[in-house]
Structures are given as structure tokens and as C-alpha cells.
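# Overview (structure and organization)
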Amino acid sequence: MKNSIELKILILLIAMTLSGTINGQTIINTENMMSKIDGDWSFSASLEGDFNFGNIELIQFGTATQLAKRIDRHLIRGLFNYEYISEGDNTLSSDFTGQIRYNYQLNKNSMFAFIQAQNIKSLRMNHRYLGGGGYRQNLITKDKNYWDLSAGAFFEDEFYDRDQPTELQVYNWRYSLSSFSKIHFSEHVFLNTSIYYQINTKRGADYRLFFEPRLYYQLNKIDLYIDMTYRHHSTPYIDILPTDTQVVFGIEFSL
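Residues numbered from 1 in each chain as written. Predicted model: local features only at pLDDT ≥ 70, side-chain atom pairs only at ≥ 80, totals over all residues. Heavy atoms only, no water.

Before going further, it helps to spend a moment on the pattern of salt bridges. A full pass over the atoms with the stated rule returns 12 salt bridges. Note that Asp239 and Arg124 form a salt bridge whose closest N and O atoms lie 2.8 Å from each other. With Asp239 in the loop between strand S11 (222-233) and strand S12 (243-254) and Arg124 in the loop between strand S5 (109-120) and strand S6 (125-142), this pair connects stretches of sequence that are 115 residues apart. What makes Asp239 exposed here is its relative accessible area of 62%. Arg124 sits in the partly exposed class, given a relative accessible area of 29%. Asp206 is the salt-bridge partner of Arg203, the closest N and O atoms lying 3.7 Å from each other. Note on Asp206: relative accessible area 2%, which makes it buried. (Salt bridge = Lys/Arg side-chain N within 4 Å of Asp/Glu carboxyl O. Helix = DSSP H or I, 4+ residues; strand = E, 2+ residues; numbered from the N terminus. Buried < 20%, exposed > 50% of the residue type's maximum accessible area, 1.4 Å probe, protein only.)

Written out as C-alpha cells, the structure reads:
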């Protein structure tokens, strides 16, 4: 019975390779980019894609990589994420996210600091620079399952519509509250769920919400996954929709 359930989930993941994708708001889930660190050094990468030719000409691919180094209680990670989407001759997305992150381990908890840079073409965002930190608390750990909460603050610099009449630069401080969990259904099948809530420190009506469950089927050094993402910005700074959703099938591998 257990093998039958796992087989059905694997078939579902493969069947979802044709996915609906809408580029989202500015929150990027670096939690899913950060693989488990088993030794002093770690490298991991993921790749996803969708290619259509003929009546529909659509190209989409994305990649995420991580390099990490652990020294006693100190952990330094470098993350890079890139996404490209084109329809015919029109480039809809050519976006990157880079982050350097430092964690200081306190048993199962940690303090962290980070700097991040990104651009999002579909949102007409030329750059978004972040710097901040916080504290992450483990609430539940049982076997391979866990639930963590995180709280912190960061500064953001966003720049939209360069060299256009609508050119806009925005500076904000935001509080950040996050939840991260992992639930194993079997030896090979597990669910990662990340929730981010980011609120402007001066304007409570300006907040961003991010929800992303990701279902994995784990093989030897290769994981298949299906990912659903919901993003919402209560007060977009330019004339774009406040809410986006995304469904993606992908593959991760590690060395």
C-alpha cells in the first residue's frame, strides 16, 4: 500500500510538467533554495523548464544554486536564482535573485543576517536591494519533521520604470514574520511549506504575503517536486495587479 501511494504521487508529479505560471510579487522563498548542510561544504542546484513551439511559442526555464560553508556554529550561504520566460519575440521575464546569508546556530535555533539583490522584469522593477536580520525559533522537531517561526526586520530599496515618466524609487523598513515546516508522509514523500508576512514599519496597510507549499518525491541525490506559490502585495507602488499565483514542476539535485 505504501509503495502504491508513493507511485501515485510520482505519477502526479510527472503529469504536472505542463504548468501554469504567472510571475509573482517581490518575495522570493530562499527557504526552498537552502538545502540541508550535511558537511563543512555543500553545493546544490535545481532546474525547471517548459518549452512550447508551434501555435504557442513559449519558453520558460529557471535555475537555483547554493554554495554553503559551515564553521562550528557559523554558517555562510550564497544563493542565486534565475528565471527566464519568453512568448514569441517578447521577453516576459529575465530575472535574478542573489543572496548572501549568515546564520549563528543556537542549538536548534539561530540568529541570521542577510543581504539580497534582485530584479523583476514583469513588475517593471529594475532593482530591489535588501539588508536585514532576525531570529529563528524551532517549535517542533520530531524525526525528520519540524516547524520553525522567524521574526526580524530589513531595509528595502526598490526602483521601478527606469528612464520612464513613471520612474519611482521607494525606501522602506519592514518587519518580517515567517513560518517554515516540513512534514514527511513516507520515506520518499514530504511537504515543505513556507509563509512570509512583511509589513511596512510606518504604514500598516502596506504589507506583503507569501504562501508556498512544495511537495517532493525524493530519489537518490535527485528530488522531483511540484510547487504552488501565492503572492499578494496590498498596495502595489505602480499599476500592476496585487496578487499572483504560480504552479511549477521541477527537479533538484545535490552533490
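A few words now on the packing of aromatic side chains. For any two aromatic rings, the description comes down to two numbers: the centre-to-centre distance and the angle of the planes. The full count for this structure, using the stated rule, is 12 aromatic pairs. The interplanar angle of 80° and the centroid separation of 5.4 Å between the aromatic rings of Tyr196 and Phe210 together place this pair among those described as edge-to-face. Linking Tyr196 in strand S9 (residues 189-200) with Phe210 in strand S10 (residues 207-218), this pair joins segments that are 14 residues apart in sequence. Both residues of the pair, Tyr196 and Phe210, count as buried. In textbook terms, an aromatic cluster arises when at least three aromatic residues are bridged by ring pairs, as seen for Phe61, Tyr82 and Tyr84. (Phe/Tyr/Trp six-rings, centres within 6.5 Å; stacked < 30°, edge-to-face > 60°.)

Here we take up the environment of Tyr175. Topologically, Tyr175 is positioned in strand S8 (residues 168-184). Here Tyr175 is in contact with Gly152, Ala153, Tyr197, Gln198, Ile199 and Thr201, once residues within four sequence places are set aside. (Contact = heavy atoms within 4.5 Å.)

Attention now moves to the side chain of Asn172. Examined against the element boundaries, Asn172 turns out to sit in strand S8. Within the local environment of Asn172, its side chain forms a polar contact with the side chain of Arg203, the two groups lying 3.4 Å apart. Separated by 3.0 Å, the side chains of Asn172 and Tyr237 make a polar contact. Contact partners of Asn172, with chain neighbours within four places excluded, come to Phe154, Phe155, Glu156, Asn200, Arg203, Asp206 and Tyr237. (Polar contact = N/O pair within 3.5 Å; in protein donor to acceptor, adjacent residues only side chain to side chain.)

Next up on the list: a nonpolar patch on the surface. On the surface, a cluster of nonpolar side chains totalling about 330 Å² of accessible area is made up of Leu47, Leu219, Ile222 and Phe253. Positionally, Leu47 belongs in strand S1 (residues 41-52). The exposure class of Leu47 is partly exposed, given its relative accessible area of 45%. (Patch = residues over 30% accessible without salt bridge, like charges linked within 9 Å, V, L, I, M, F, W, Y side chains within 5 Å. Areas by Shrake-Rupley, 256 points an atom, 1.4 Å probe, with all protein chains shown as cover.)

For the rest of this paragraph, the subject is the side chain of His232. Along the chain, the position of His232 falls in strand S11. Using a relative accessible area of 16% as the deciding quantity, one classes His232 as buried. Side-chain polar atoms of His232 contact the side chain of Thr243, separated by 2.7 Å.

By the secondary structure assignment, Thr91 is in strand S4 (residues 90-106). Linking Thr91 and Leu58, residues 33 residues apart in sequence, is a C-alpha distance of 9.8 Å. Dropping the residues within four chain positions of it, Thr91 is found in contact with Tyr84, Ile85, Ser86 and Lys121.

Don't take any of this as a statement about function, it's just geometry.
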